[in-house]
Amino acid sequence: MFLHLKVYIVGFIYFLGILFMFLFPPRNFEQSGTKMRRIRSIGNKLKYEGYIDYETMLNVVQHMAMEDPEMVEVVHLTPHTAANNSLIAIELHSDTLSKKPGILIIGTINGMVWAGSNSILELTDKLLYDTTYQTPFFNDYDWYLIPIANPDGLNFTTSLRDYTSIDAIEWSRNISVRTKTKPVEWHKNVDKESGEQLCFGTNINRNFAYHWQDDVRKTPIRCSQYYPGIKPFSTAEAQAIREYVHKLADILHLAIHLHASFVPKKEFILYPWRYTLRQPSNYHSLQEIGEYAARHARLPDGRLYEVHQGSSDERVAGSLSDYISGVVGTDLVFVVKPYHEVFPNYTDSTIMETYIHKSISVILSLVRGWRSSTKQNTLSFFGKDIEF
Ligand SMILES: *[C@@H]1O[C@H](CO)[C@@H](O)[C@H](O)[C@H]1NC(C)=O
Ligand SMILES: *[C@@H]1O[C@H](CO)[C@@H](O)[C@H](O)[C@H]1NC(C)=O
Ligand SMILES: *[C@@H]1O[C@H](CO)[C@@H](O)[C@H](O)[C@H]1NC(C)=O
Ligand SMILES: *[C@@H]1O[C@H](CO)[C@@H](O)[C@H](O)[C@H]1NC(C)=O
């Protein structure tokens, strides 16, 4: 009699359990991409050999979107650049049903950062397919990545790589020297204003409409590498980015401009403002997250990134990071500058790999720093905070 009762009770409990599973299925089980993802763990090895140019980048991301249409979306931004290229954004979603905090990464606004596209594509690959990056990085956020924000500038600098360097102003002013020489540096795109013969190109990172030209007494000359455009948003690249970031305004929590330092042993994690010495209201959390990231992304020779407000070294107005912070209203905005050689040896992949590893490490450390500041990554265990 007793035994019967027990069997009934146990049976009933099982039935309740099954009913519960049926009524409230665990969401991630069915709908998230987790189940069907092809996963692997490749450690520190890089997937792509050699610098990735615009066409290769386009092929790679289109291939990713074809293989995993549920998780990868490729967006062609408009307007097109002077050379008729479209900025490409890659959107990664681990879960089609829920919206997660958005992270935006923009690389190669400066065309001399040749390894910028590699860094962002390697990061994308790891987020999608490498088990060690899925938790906590891929599954907890929606990612928006623009590998090459200045395709024309990248194409321009890489195509001149074998020529002899001469002074950039001299190069710009004198067409007869151009046949076998290149400007020693090129921080611009290649657009022309109407009727122009000689000087061309606009510095995209000074072309955004936030305190535009506040850093200079008078407009830099047209040949200058810091020429900010005839007016804010005169460049197609800045317009395309503007439209895209405004669309993401409510979703974005963290934005990172992957930049580069061209001075050895001077590597930075910067945050707004860049145009003024005035501090942003969330100065303390930006500094704290930056320092956390610097500790976790220690440089190969043991140094730390220098972490401070962008304007402490040099004031730069009309920059992307100030625009995202000041106009779009994103809380956490950083500019990261690992060292990148100017016109590195194109076939020497060791230099390239160093920049890529540094970039991925500093980007993910910023994400960790943010998690840590919000305690997203800590569990209280008998009164002790444990990070994971
Ligand atoms: C620019 O590129 C698009 C395709 O990306 C093409 O349809 C269009 O004809 C091109 N325009 C010019 C002026 O070459
Ligand atoms: C790069 O420049 C060459 C000419 O210098 C041009 O033929 C090619 O279409 C350009 N590629 C891109 C992606 O702009
Ligand atoms: C341009 O460069 C050539 C060769 O270096 C030089 O002879 C010429 O004087 C330069 N022209 C101008 C206008 O500077
Ligand atoms: C560039 O790197 C390659 C491969 O490491 C090397 O063979 C070549 O000599 C280098 N070129 C120059 C100009 O240093």
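Just so you know, these numbers come straight off a predicted model, no measurement behind them. (Residues numbered from 1 in each chain as written. Chains lettered and ligands numbered in written order. Predicted model: local features only at pLDDT ≥ 70, side-chain atom pairs only at ≥ 80, totals over all residues. Heavy atoms only, no water.)

A. Inspection of the site of ligand 4 at higher detail. Inspection of the region around ligand 4 gives Asn-345, Thr-347 and Asp-348 as its neighbouring residues. Summarising the interface, the protein chains cover 26% of the accessible area of ligand 4, which totals 360 Å² for the free molecule. (Near = heavy atom within 4 Å. Areas by Shrake-Rupley, 256 points an atom, 1.4 Å probe, with all protein chains shown as cover.)

B. Focus on the sheet that holds strand S10 (residues 332-337). Read across the open sheet, the eight strands follow the order S1-S2-S4-S3-S7-S10-S8-S9; overall the sheet is mixed. Edge positions in the open sheet fall to strand S1 (72-76) and strand S9 (306-309), since each of these has one partner strand only. In this sheet, neighbouring strand axes are inclined to one another by 20 degrees on average, regardless of whether the strands run parallel or antiparallel. Sheet analysis places strand S3 (residues 102-107) next to strand S7 (residues 252-258), joined by six bridges and oriented parallel. Across the sheet, residue Gly-107 finds its bridge partner in S7, namely Leu-258. Across the sheet, helix H10 (residues 320-328) lies against S3, S7 and S10, angled at about 170 degrees from S10, the strand it touches most. (Pairing = 2+ DSSP bridges. Helix = DSSP H or I, 4+ residues; strand = E, 2+ residues; numbered from the N terminus. Axes fitted to C-alpha atoms, helices over the stretch in contact; angles between N-to-C directions. Contact = heavy atoms within 4.5 Å.)

C. Main features of the packing of helix H4 (residues 116-129) against helix H11 (residues 349-373). In contact at an axis separation of 9 Å, H4 and H11 are set at 55 degrees when each is read in the N-to-C sense. Viewed along their axes, H4 and H11 adopt a mutual orientation that is oblique. Note on packing geometry: the crossing formed by H4 with H11 is right-handed. Side by side, H4 and H11 meet where Gly-116, Asn-118, Ser-119, Glu-122, Leu-123 and Lys-126 of the first sit next to Met-352, Tyr-355, Ile-356, Ser-359, Ile-360, Ile-363 and Leu-364 of the second. (Parallel < 35°, antiparallel > 145°, perpendicular 65-115°, else oblique. Left-handed = near helix turned anticlockwise from the far one by under 90°.)

D. Main features of the packing of aromatic side chains. Taken as a whole and assessed by the stated rule, the structure comprises 19 aromatic pairs. Measuring from ring centre to ring centre gives 6.4 Å for Tyr-141 and Trp-143, while their planes differ by 85 degrees; the resulting arrangement is edge-to-face. Measuring from centroid to centroid gives 5.8 Å for Phe-156 and Phe-200, while their planes differ by 85 degrees, and the two rings are edge-to-face. Of the two residues, Phe-156 sits in helix H6 (residues 151-159) while Phe-200 sits in the loop between strand S6 (181-183) and helix H8 (236-247), which places them 44 residues apart along the sequence. Among the residues examined, Phe-156 registers a relative accessible area of 14% and is labelled buried. Among the aromatic residues, those joined into a ring-pair cluster are Tyr-51, Trp-114, Phe-343 and Tyr-346. Lying over the aromatic face of Trp-171, Arg-178 brings its terminal NZ or CZ to 4.4 Å of the ring centre. One cation-aromatic arrangement involves Lys-192 over Phe-200; the distance from NZ or CZ to the ring centre is 5.1 Å. (Phe/Tyr/Trp six-rings, centres within 6.5 Å; stacked < 30°, edge-to-face > 60°. Buried < 20%, exposed > 50% of the residue type's maximum accessible area, 1.4 Å probe, protein only. Lys NZ or Arg CZ within 6 Å of the ring centre and 35° of its normal.)

E. The pairing of S10, seen in detail. Among the six residues of S10, six are classified as buried, and the element is accordingly described as predominantly covered. Along S10, one buried face is formed by Leu-332, Phe-334 and Val-336 and the opposite face, lined by Val-333, Val-335 and Lys-337, is buried too. Here S7 runs beside S10; their pairing, made up of five bridges, is parallel. Across the sheet, Ala-255 pairs through a bridge with Val-333, a residue of S10. Two strands pair when backbone bridges link them, and strand S8 (residues 268-271) and S10 are joined in this way by three bridges, in the antiparallel orientation. Looking across to S10, one finds that Leu-270 is bridged to Val-335.

F. The arrangement of the pattern of salt bridges in detail. Evaluated as defined, the whole model comprises nine salt bridges. For Lys-358, the salt bridge identified is with Glu-267, shortest N-O distance 2.8 Å. Residue Lys-358 is found in helix H11, and its partner Glu-267 is found in the loop between S7 and S8; the two are separated by 91 residues along the sequence. Both residues of the pair, Lys-358 and Glu-267, belong to the buried class. Put simply, Asp-301 and Arg-303 hold a salt bridge, and the shortest N to O gap is 2.9 Å. In this structure Arg-303 comes out as partly exposed when scored by relative accessible area, which is 23%. (Salt bridge = Lys/Arg side-chain N within 4 Å of Asp/Glu carboxyl O.)

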